[in-house]
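Chain and residue survey
The residues making up each chain are set out below.
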Amino acid sequence: MKLQRKNRLRASAFGALAVSGALLLTACGSDNNTGGTGGTGSSAAAKNVKCEGAKGKLLAAGSSAQKNAMDLWVKNYMAACQGVEINYKSSSSGEGISNFTSGVVGFAGSDSALKPEEATASKAVCKTGQGINLPMVGGPIAIGYNLPNVDNLVLDASAIAKIFNNQIKKWNDPALVKLNPGAKLPDKPIQSVHRSGDSGTTQNLGKYLGKAAPADWKYEAEKKWPAPGGQGANGSAGVAAQVKQVEGSIGYFELSYATSQSIPTVKVATGAAAPVAANSENASKAIAAAKIKGTGKDLALGLDYTTKAEGAYPLVLVTYEIVCDSGNKADTLPTVKSFLGYTASEEGQKVLSEAGYAPIPAEINQKVRETIAGLK
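Below is a short write-up of the structure. Given the structure is predicted, the values throughout are model-derived calculations rather than measurements.

Our next topic: the overall build of the chain. From N to C terminus, the chain includes 13 helices and 12 strands. Taking all 376 residues of the chain together, 56% fall into the buried category. For the chain, restricting intrachain contacts to residue pairs at least 6 apart in sequence, the fraction spanning at least 24 positions comes to 74%. For the chain, the accessible area works out to roughly 15300 Å², and carbon and sulfur atoms hold 50% of it.

What follows is the structure, given as structure tokens:
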């Protein structure tokens, strides 16, 4: 089959597989192989892929937060399982869930777990079961900014809330000066940038602000941006591109977007001894404290957004792959199990750190693997 390629920032059709030049990673390799024979990168990462039964084309869609991870996974998987095509449309969590509940895709990616009404709607597609949440990608939501000559910006939850709620409007606001003694904050307006479409990243930011700064952020944590002011942009890639281009801007997106475009990110003052940087290691410390709150085969997690543990970055998200626990389509089920089996494997999780994400904690990930093996 011919691999359809389009621009990294415009994965706008199911045939669009942006195999990520933007990741700036060479560890993936480019040679095709059937058994992962030797070498590093894609061949090494995919050496234990179980391709048996996988065939044809598998359509998937959803979260742009996991796009860079998905690009790596798809490249590695297709190198190992030749003749199988995985097409992941990077759009938004809302669109992914909609595509899943309408039966368009074999699985969806979402930055937030299914709501009860969405799980109910999934029963129309999952004829003998319903949609469940499989945590697959962890990582920090970075607050990226564009301020020349300011290399070490510190904000706390209250300041972040007030900036995105259009209450702090200038960079030299006293609250920001207090958090950044010695920094040369300019007398310039702040241009905040948010996701324009329904977004699990937006929802996770809202969950964090609602818990960590409840006096300053009184909105419900929803996928749609709730606050006045600011400028909307399409997807995490769009927000990152806007911040990169506009001096005085600030936005939120997954760390991989900041890394690939060299966008500086905020350190968060949590009440710990020192402000905490957005990186995979610090996000892992926060995610490790997560508890499974789903029931049965559903593995939705509860995160602690108010942690003050040393080195724990609290503004994290977990991206779920949403599948039917039973009642999957017979022609795509083997490929779904094969591909997600790889993404949840040790090899699949290892590449996350290379791309600026955080692996799912081992104890939780073991349950993910068991659930994938039992999909029907």
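Now that the structure is up, let's keep going.
Another aspect to go through is the sheet that holds strand E6 (residues 191-195). Strand order in this open sheet of 8 strands is E2-E1-E3-E12-E4-E8-E6-E7, and the pairing throughout is mixed. Sheet topology places strand E2 (84-90) and strand E7 (231-233) at the edges, where each strand pairs with a single neighbour. Taken pair by pair, the neighbouring strands of this sheet meet at an average axis angle of 25 degrees, ignoring direction. Pairing between strand E4 (residues 131-145) and strand E8 (residues 249-254): 5 bridges, direction antiparallel. When the bridges of E8 are listed, Gly144 appears paired with Gly251.

All right, on to the pattern of salt bridges then. Under the defined criterion, the tally for this structure stands at 5 salt bridges. For Lys170, the salt bridge identified is with Asp187, shortest N-O distance 3.1 Å. Placement of Lys170 in the loop between helix H5 (157-164) and helix H6 (174-179) and of Asp187 in the loop between H6 and E6 is noted, with a sequence separation of 17 residues between them.

Procedures and definitions
Residues numbered from 1 in each chain as written. Predicted model: local features only at pLDDT ≥ 70, side-chain atom pairs only at ≥ 80, totals over all residues. Heavy atoms only, no water. Helix = DSSP H or I, 4+ residues; strand = E, 2+ residues; numbered from the N terminus. Buried < 20%, exposed > 50% of the residue type's maximum accessible area, 1.4 Å probe, protein only. Contact = heavy atoms within 4.5 Å. Areas by Shrake-Rupley, 256 points an atom, 1.4 Å probe, with all protein chains shown as cover. Pairing = 2+ DSSP bridges. Axes fitted to C-alpha atoms, helices over the stretch in contact; angles between N-to-C directions. Salt bridge = Lys/Arg side-chain N within 4 Å of Asp/Glu carboxyl O.

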